[in-house]
Amino acid sequence: MTILRAGSAQADITPDWPLTMAGFAVRDHASEGVHHPLRVRAVVLESETPESTPARTVIVSADVLFWAAEFVDLFKDDICAIAHVLPGQILLSATHTHSGPQTSGELSSSIGVLDPRFHDRLRDGVRNAVTAAIDQLEPVTMSRWVGEHDLGFNRRPQFNPNGSVDRTLTVLRLDRDDGSPSTMLVHYACHPTIYQGYQLSSEYCGVAMNELEH
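Values in this document were obtained by computation on a predicted structure and should not be read as measured data. (Residues numbered from 1 in each chain as written. Predicted model: local features only at pLDDT ≥ 70, side-chain atom pairs only at ≥ 80, totals over all residues. Heavy atoms only, no water.)

Asks: Would you take a moment to explain the nonpolar core for this structure?
Replies: Here is a general trend for soluble globular proteins: nonpolar side chains tend to be buried in one another's company. Among the nonpolar cores identified, the biggest contains 32 residues, and V60, I79, L122, V126 and V130 are the most heavily contacted of them. Elements with a minimum of two residues in this core: strand 1 (3-12), strand 3 (39-48), strand 4 (55-62), helix 1 (72-83), strand 5 (90-94) and helix 2 (116-135). With seven residues, helix 2 is the largest single contributor of residues to this core. Each residue touching I79, except ones within four places of it in the same chain, is listed here: V58, V60, H84, V85, I90, L92, V126 and V130. (Core = buried A, V, L, I, M, F, W, Y, C linked by side-chain atoms within 4.5 Å. Buried < 20%, exposed > 50% of the residue type's maximum accessible area, 1.4 Å probe, protein only. Helix = DSSP H or I, 4+ residues; strand = E, 2+ residues; numbered from the N terminus. Contact = heavy atoms within 4.5 Å.)

Written as structure tokens, this is what we have:
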């Protein structure tokens, strides 16, 4: 019989200083406080059979626009050292908020300038979240739910007013032996561009995750 274990944890990565934001070129000055906190969340999945040693997968999600290509190997090296996994066993996911700091130093300054202090905070957050998630590993049972939500819409109506829209909402729920939820993974394809102000925000993605966690 295969045993599945899961552990999850998060770390706050919200800058407490003004910095340029990534996502909208129309912004012309630094951030002005915090609308919603930014977090990095880690889930460690571990499977084991009587005939094999435990095998792990690490999923890390952060409230950033994207994971900068020039630093992906650095983040994965950190995770490999902590979780004892190979790079191919790691998934880095970004909620793609357009109201967070820039993560790359190789793009136009019009969409934000990389602040090394935030890079260090993000790196520390990843390491802390993965470490804590491993400490929380416990047996779980996985279930899957698929539905729809009408938040998303086709943003190119000038080309096709009836253009396609993916409203699929998928939830993977990992329950403890007593039936209580340990972890949930949620997927929904909708561009997080609802908020366009100057306060840092995890966008609707962060709000949705906070509601689920509460």
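Asks: Is there a simple way to explain the sheet that holds strand 10 (residues 181-188) in this structure?
Replies: Hydrogen bonds between backbone groups are what pair the strands of a sheet, and the pairing can be parallel or antiparallel. Across the sheet, which stays open at both edges, the three strands sit in the order 8-9-10 with antiparallel pairing between neighbours. For this open sheet the edge positions go to strand 8 (141-148) and strand 10, each flanked by a neighbour on one side alone. Sheet twist, expressed as the average angle between the axes of neighbouring strands with direction ignored, equals 15°. Of the strand pairs in this sheet, strand 9 (residues 168-175) and strand 10 are connected by seven bridges, and their pairing is antiparallel. Counted as the bridge partner of L169 is Y188 from strand 10. (Pairing = 2+ DSSP bridges. Axes fitted to C-alpha atoms, helices over the stretch in contact; angles between N-to-C directions.)

Asks: How should unusual backbone geometry be read in this particular structure?
Replies: Glycine aside, negative phi is the norm for most residues, and most peptide bonds take the trans geometry. Its identity as a non-glycine residue notwithstanding, H84 has a phi of 60°, on the positive side. With respect to the secondary-structure elements, H84 resides in the loop between helix 1 and strand 5.

The analysis is restricted to geometry; functional conclusions fall outside its scope.
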